[in-house]
Amino acid sequence: MLFFGNHGDYEVTCNFLDKTGQRIAKKRICHNVSKREASDSMRDYVTNRFSDIIDVAHPIKVVAKPAVTK
């Protein structure tokens, strides 16, 4: 349990600007990962998927919160 105690489901939101200055927000659910893995996965997803429109002069903000299950 030492290595697997911090894994769970996370709701990850990413905010960034495109080259025209418009703010874009993307949201995903990452299952059975740590908070850091969820954040890194979302950052990789956004940089790969939107590489042609991201404004590199502004940071990509990633927020990971535990997902609420109903």
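Note: the structure precedes this text.
This is a predicted model, so every value here is computed, not measured. (Residues numbered from 1 in each chain as written. Predicted model: local features only at pLDDT ≥ 70, side-chain atom pairs only at ≥ 80, totals over all residues. Heavy atoms only, no water.)

Sorry if this is basic, but what is going on with the sheet that holds strand 2 (residues 23–33) here?
Each strand in a sheet pairs with its neighbour through backbone hydrogen bonds, running either in the same direction (parallel) or in the opposite one (antiparallel). A sheet is described by the order of its strands in space; here three strands give the open sequence 2-1-3, paired in antiparallel fashion. Looking at which strands have only one partner, the edges of the open sheet turn out to be strand 2 and strand 3 (61–66). Neighbour-to-neighbour, the strand axes of this sheet turn through a mean angle of 20°, independent of strand direction. (Pairing = 2+ DSSP bridges. Helix = DSSP H or I, 4+ residues; strand = E, 2+ residues; numbered from the N terminus. Axes fitted to C-alpha atoms, helices over the stretch in contact; angles between N-to-C directions.)

Is there a simple way to explain the pattern of salt bridges in this structure?
A side chain of one charge can pair with a side chain of the opposite charge when the charged atoms of the two come close. Inspection of every chain in the model, using the stated rule, returns one salt bridge. Notably, a salt bridge pairs glutamate 11 with lysine 27, separated by 3.2 Å at the nearest N-O pair. Note that glutamate 11 is positioned in strand 1 (residues 8–17) and lysine 27 in strand 2, a separation of 16 residues in sequence. Note on glutamate 11: relative accessible area 23%, which makes it partly exposed. Overall, lysine 27 belongs to the exposed group, its relative accessible area being 56%. (Salt bridge = Lys/Arg side-chain N within 4 Å of Asp/Glu carboxyl O. Buried < 20%, exposed > 50% of the residue type's maximum accessible area, 1.4 Å probe, protein only.)

Shape descriptors only; they carry no functional weight alone.
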